[in-house]
Amino acid sequence: MDSFEFNIHDILSKVKKILKARLAPENYNIFVRDLSVVFHNGKSITLKTQNASNVGVLENKYNDMIKEAFSEVTKRNFDIKYTHDGSEAENNSKQNTGLNPMYNFEDFVVWRGNEVAQGAASRVAQYSPELNTSTELYNPLFIYGGVGLGKTHLIQAIGNYARAIEPNSNVYYVTSETLLNEYVMAIRSGDTQNFRKKYRNLDMLLIDDIQFIVRSEQLQEELYNTFNTLKQANKRIVFASDRPPKDLVGLEERLVSRFNSGFLQQIFPPDYETRKAILLKKLEYHTIKPSDEIIDLIALNVTTNIRDLEAVLNRVILTANMTNTEPTIQIAENALRDYIDTPRKKQITIRDIKAVVADHYHVRIEEIDSQKRTKDIARARQVAVYLARQITDKSLPKLGEEFGRDHTTIHHAITKIQNDRKTDVELNQAIETLIELING
Ligand code: ADP
Ligand code: MG
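Throughout this document, residue positions are counted from 1 along each chain, in the order its sequence is written. To label them, take the chains in the order written and letter them from A, then take the ligands in the order written and number them from 1. Local features in this predicted model are restricted to residues of pLDDT 70 or higher, and side-chain atom pairs are both shown and tallied only at a pLDDT of 80 or more, whereas totals for entire chains, interfaces and linings draw on every residue. Side-chain numbers here rest on the full set of heavy atoms in the structure, without hydrogens or water.

Draft legend 1. Quick peek at the site of ligand 1. Neighbouring ligand 1 are 18 residues, the closest being Val109, Gly148, His153, Lys282 and Glu310. The term polar contact refers here to a pair of N or O atoms within 3.5 Å; inside protein, the definition further demands a hydrogen-donor-capable atom paired with an acceptor-capable atom, and it admits residues adjacent in sequence only when both atoms are side-chain atoms. In this structure, Leu149 approaches ligand 1 through a main-chain N or O atom, which is 3.2 Å from an oxygen atom. In this structure, His153 approaches ligand 1 through a side-chain N or O atom, which is 2.8 Å from an oxygen atom. Using a 1.4 Å probe, the Shrake-Rupley method yields the accessible areas, and only the shown protein chains count as cover for residues. When ligand 1 sits alone it has 560 Å² of accessible area, and the protein chains cover 91% of it. Of all the secondary-structure elements, those providing two or more residues to the shell around ligand 1 are α6 (151–165) and α13 (306–322). Charged means Asp, Glu, Lys or Arg here, nonpolar means Ala, Val, Leu, Ile, Met, Phe, Trp, Tyr, Cys or Pro, and polar covers whatever is left, Gly included. For the shell around ligand 1, the per-class residue count stands at seven nonpolar, six polar and five charged. Residue proximity to a molecule or strand is established when one non-hydrogen atom of the residue lies within 4 Å of it. Here a helix means four or more residues in a row that DSSP labels H or I, a strand means two or more in a row labelled E, and each is numbered from the N terminus.

Draft legend 2. How the structure looks around the confidence of the model for the protein chain. Residues at a pLDDT of 70 or more form 92% of the protein chain, whose mean pLDDT is 89. pLDDT: the predictor's confidence for each residue, scored from 0 to 100. Residues count as neighbours in contact if any of their non-hydrogen atoms are within 4.5 Å of one another. Every residue in residues 1–5 scores below 50 in pLDDT, and together they form four contacts with partners more than four places removed in sequence or on other chains. Below a pLDDT of 50 lies the segment residues 87–93, which in the model reaches seven contacts outside its immediate sequence neighbourhood of four places, other chains included.

Draft legend 3. Layout of the pairing of strand β7 (residues 236–241). Note on classification: 1.4 Å probe, protein chains only; a residue is buried when its accessible area is under 20% of the maximum for its type, exposed when over 50%, partly exposed between these limits. For β7, a buried count of six out of six residues is recorded, marking the element as mostly surrounded by other parts of the structure. Where burial is concerned, the two faces of β7 agree: the one with Arg236, Val238 and Ala240 and the one with Ile237, Phe239 and Ser241 are both buried. Here, a strand pair is defined by DSSP locating no fewer than two bridges between the strands. Sheet topology note: the strand β4 (residues 141–144)/β7 ladder contains four bridges and is parallel. In the sheet register, Leu141 faces β7, and the bridge partner there is Val238. For a crossover, the right-handed case is the one in which the path from the first strand over the helix to the second runs clockwise, viewed with the strands pointing away from the viewer. In this region the chain leaves strand β6 (residues 204–208), passes through helix α9 (residues 217–232) and returns to the parallel neighbour β7; the handedness of that crossover is right-handed.

Draft legend 4. Just the sheet that holds strand β5 (residues 171–175), in detail. Pairing is parallel in the open sheet, where five strands are placed in the order β5-β6-β7-β4-β8. Pairing within the sheet leaves two strands with one partner each, and these edge strands are β5 and β8 (263–266). Strand-to-strand, the axes of this sheet are offset by a mean angle of 15°, without reference to chain direction. Sheet contacts for α6: β4, β5, β6 and β7; angle to β6, the most-contacted strand, approximately 165°. Axis angles are defined between N-to-C directions and span 0 to 180 degrees, where every axis is a line fitted to C-alpha atoms and, for a helix, only to the segment in contact. Contacts between α9 and the sheet are confined to β6 and β7, with β7 contributing the most and set at about 140° to the helix.

Below, the structure is given as structure tokens:
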């Protein structure tokens, strides 16, 4: 494996998945779920557990299994060490980092729309002068995208991870609004000296929602100087924003160019499959498990962002919990109603349509797709094409692909059925019935 591609967060997630399948849930939850990586190099990996008494059990009882899982995922053999450093945890909590420890890489689902941002974040988080990893290109890291897409989660995960490997490193997370308040207070109390000192001595500065910086010219000036100091000292700087620097109206030109000087990356909304994966990930932390059908329904309807997905899922679980029932479709539809006007039903695929039509005409699905032209098969095929056009929003060429025909044949089938329906009462009846069957 190329060390450049070595993404320890991905690896740990995969290892946990394997172990989850092999261990009894209680044991998994007690010993494995909270493990995090505090150190790794090409030969050894140190895992931290929250519970001091777990260390011995991990070493004696689970080490082989954990080692095995790491080697399955990485195709390498690592020495695995376990630690629980109480004093470290105490230190951690003493220093105010502004971080919420809940945000970590393990729970961050990666998809095509955020994988580049996650990869860069992971690189910045793992930065350590001793390991001599080159992250210069990622300094500053500037992540932008719409609300609820995981910007805060990701930049806080960077801070938490950096603190896990280097407990004494001086990491600070702040939103630009809080920063502005702090700055205003500092000016009022004539204490800007301390404000400067605090920010210029950081090892890692994470500023969230940087878009609000445009509200103060003075703060922009201050940030510009802080930025230069940190950057020169090779300290890490990460920004999250709702839009790219060039669209931040009122942002000084020199800051635009500083923000652009490192790695700029957008996060895009998740697709349907990813939305499902996110919901399933969130369910790992719940004992009430809605059915696949409910998960589908939520994933299909909540297209906006992850925050909304979580909100609907939580509503379903809470409602089920309060009424002491299993989550029902009814509950899910009610929860969805606050987010969208009319929940769509489960998405209907061409395959569903072919199946229902094949069944009705007593032919096999493969025959619909075949070149056979016997009367029943030809009719079933035309009806399936016609219904596919009516029910889905697929174009003629797309339907051509689905049925293995060119688009003129598709067009012909559609007009044929359209015309026949006008005179053929039986066909008309059949189509009505089929539509009902397909829509469930
Ligand atoms: P943003 O800062 O972009 O508005 P947040 O980081 O606050 O979004 O994310 C909103 C919610 O969605 C949070 O609860 C966060 O944990 C969750 N979330 C966002 N992205 C992911 C992801 N990739 N995997 C799992 N949960 C995510
Ligand atoms: Mg945010």
